[in-house]
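Here's the letter readout for the chains.
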Amino acid sequence: MKLQIIFATGNQNKVREIREILSDPDITVLSMKEAGVFAEPEENGTTFEENARIKALAVSELVRQRIRQCAEAGDAAGESSAKTGKAAGENGKAAVTSAVFGDTILDLRIPVVVMSDDSGLVIDALGGMPGIYSARYMGHDTSYALKMGRLLEEMKDVPDEKRTARFEAAVAAVFPKGLDPAADLLECRTVTGTMEGYIAHEIRGTNGFGYDPFFYLPQFQMTSSEISPEQKNAVSHRGKAVRAMMEILKGIANS
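Only a predicted model underlies this, so the values are computations on that prediction, with no experimental measurement involved.

J.: Tell me about the sheet that holds strand 1 (residues 3–7), and name the residues and values.
T.: Read from one edge of the open sheet, seven strands run 2-1-5-6-7-8-9, paired in mixed fashion. Each of the sheet's edge strands pairs with one partner strand only, and the pair in question is strand 2 (27–31) and strand 9 (222–223). Relative to strand 2, strand 1 runs parallel, the two being bridged by five bridges. In the strand pairing of strand 2, Phe7 is matched with Ser31. Across the sheet, helix 1 (residues 12–22) lies against strand 1, strand 2 and strand 5 (112–123), angled at about 175° from strand 2, the strand it touches most.

J.: Could you give me a rundown of the packing of helix 1 against helix 6 (residues 237–254), with the residues and numbers involved?
T.: Axis separation between helix 1 and helix 6 bottoms out at 10 Å; the angle between their running directions is 55°. In this view, helix 1 runs oblique relative to helix 6, as classed from their interaxial angle. In this structure, helix 1 crosses over helix 6, and the sense of that crossing is right-handed. Between helix 1 and helix 6, the residues in contact are Lys14, Glu17, Ile18, Ile21 and Leu22 and Arg238, Gly239, Val242, Arg243 and Met246, respectively.

J.: Would you mind going over the pattern of salt bridges in detail, with residue names and values included?
T.: All chains considered together, the criterion is met by 18 salt bridges. The closest approach of N and O atoms between Glu43 and Lys55, which form a salt bridge, is 3.9 Å. You can see Glu43 sitting in the loop between helix 2 (32–35) and helix 3 (48–83) and its partner Lys55 sitting in helix 3, a full 12 residues away along the chain. Overall, the relative accessible area of 11% leaves Lys55 in the buried class. With its nearest N and O atoms 3.0 Å apart, the salt bridge here joins Arg166 to Asp124. Remark: Asp124 occurs in the loop between strand 5 and helix 4 (144–154) and Arg166 occurs in strand 6 (residues 164–176); sequence separation between them is 42 residues. According to the relative accessible area criterion, Arg166 is buried, its value standing at 16%. Taken together, the salt bridges that share partners define one network made up of Lys14, Glu17, Asp117, Asp212, Lys232 and Arg238.

J.: Got a sec to walk through helix 6? Specific residues and values, please.
T.: In an α-helix there are 3.6 residues to a turn, and that puts residues three or four apart on one side. For helix 6, built from 18 residues, the straight-helix expectation of 26 Å at 1.5 Å per residue is met to within 8% by its first-to-last C-alpha distance of 26 Å. By the burial criterion, the buried members of helix 6 are His237, Arg238, Gly239, Ala241, Val242, Met245, Met246, Leu249 and Ile252.

J.: Help me get a handle on the packing of aromatic side chains, residues and values and all.
T.: Evaluation of the coordinates by the stated rule reveals three aromatic pairs. Pairing Phe167 with Phe215 gives two aromatic rings, centres 4.5 Å apart and planes at 45°, and the pair type is tilted. Of the two residues, Phe167 is situated in strand 6 and Phe215 in strand 8 (residues 215–217); the sequence distance between them amounts to 48 residues. With respect to class, Phe167 is no different from Phe215; both count as buried. Three or more aromatic residues joined by ring pairs make a cluster, and in this case those are Tyr144, Tyr211 and Phe214. Against the face of Tyr144 rests Lys147, its NZ or CZ located 5.3 Å from the ring centre.

J.: Before we move on, could you go through the pairing of strand 3 (residues 98–101) and cite the residues and values that matter?
T.: Burial of the side chains of strand 3 is restricted to one face: Ala99 and Phe101 are buried, whereas none of Ser98 and Val100 on the reverse face is. Where strand 3 and strand 4 (residues 104–107) come together, four bridges link them in antiparallel fashion. When the bridges of strand 4 are listed, Phe101 appears paired with Thr104. Between strand 3 and strand 4, which follow one another and run antiparallel, lie two residues, and Gly102 among them has a positive phi close to 60°.

J.: Provide a residue-level description of the environment of Arg53, including the pertinent values.
T.: Considering the arrangement of structural elements, one finds Arg53 in helix 3. Considered as a pair, Arg53 and Leu146 are 93 residues apart in the sequence and their alpha carbons are 29 Å apart. Leaving out residues up to four positions away in the same chain, Arg53 has contacts with Ala172, Cys188 and Thr190.

J.: Describe the nonpolar core, and please don't skip the residues or the numbers.
T.: Leu3, Ile5, Leu22, Val113, Met115, Met246 and Leu249 are the most contacted members of the largest nonpolar core, which totals 22 residues. For this core, the secondary structure elements donating two or more residues are strand 1, helix 1, strand 2, strand 5, strand 6 and helix 6. No other element matches helix 6, which puts six residues into this core. Among residues more than four places away in sequence, those in contact with Leu3 are Asp26, Ile27, Thr28, Ile110, Pro111, Val113, Leu179, Met246 and Leu249. One finds Leu121, Met148, Met155 and Val158 within the second-largest nonpolar core, a separate group that totals 17 residues.

What counts and what doesn't
- Residues numbered from 1 in each chain as written.
- Predicted model: local features only at pLDDT ≥ 70, side-chain atom pairs only at ≥ 80, totals over all residues.
- Heavy atoms only, no water.
- Pairing = 2+ DSSP bridges.
- Helix = DSSP H or I, 4+ residues; strand = E, 2+ residues; numbered from the N terminus.
- Contact = heavy atoms within 4.5 Å.
- Axes fitted to C-alpha atoms, helices over the stretch in contact; angles between N-to-C directions.
- Parallel < 35°, antiparallel > 145°, perpendicular 65-115°, else oblique.
- Left-handed = near helix turned anticlockwise from the far one by under 90°.
- Salt bridge = Lys/Arg side-chain N within 4 Å of Asp/Glu carboxyl O.
- Buried < 20%, exposed > 50% of the residue type's maximum accessible area, 1.4 Å probe, protein only.
- Expected span 1.5 Å × (residues − 1).
- Phe/Tyr/Trp six-rings, centres within 6.5 Å; stacked < 30°, edge-to-face > 60°.
- Lys NZ or Arg CZ within 6 Å of the ring centre and 35° of its normal.
- Core = buried A, V, L, I, M, F, W, Y, C linked by side-chain atoms within 4.5 Å.

What follows is the structure in structure tokens.
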């Protein structure tokens, strides 16, 4: 199955992980920056699923606008060719098979999927915080070292057995109905994935990003910042959600 995915995020770490998780030469994954698409929709949902859908739908609208612009430009070129007697597509229209996105040219004969995730850390002892506010906790520009330091301070008296937590990820995908590149109607699907663990008593490890350095995985007896990227992608919330979404898309493509 060939797909072109524009991942609705400015976080290059997420894009790198998505590429590692998919690891498929038939699937192209672009960040918004690489696709020349810029949007900062207000994430005012109350769940990870709602925020993922908000981002995917907003960026998808910009992508569809760009595709329509390329189609209209192609139609105009086709009409001009017809008037001068040159070969053109059916009804004098040029066949539009590609569109320029940033520094990339997308093949419009292959489905273009806009995908987004909203993810975060849910700590049971703190009533589910920081949850959907994980990236915004203490402010967007606050380092994760400071965020984790604050959370560790709040949990300093919490015993090991009550330090349960999980990473949650919701992945939304917006794509042409039936994955038909020529379809005008769009579909939107959302899936979720979780990774269970505990909040460690200290920050450890240099792999990963975000809250990984203090998220302890008992099956590895290490934090998710100490295990390898391959190990993390196999069990992570994002890995589970992305793989589930790909199964949905494969099912639609084969139906």
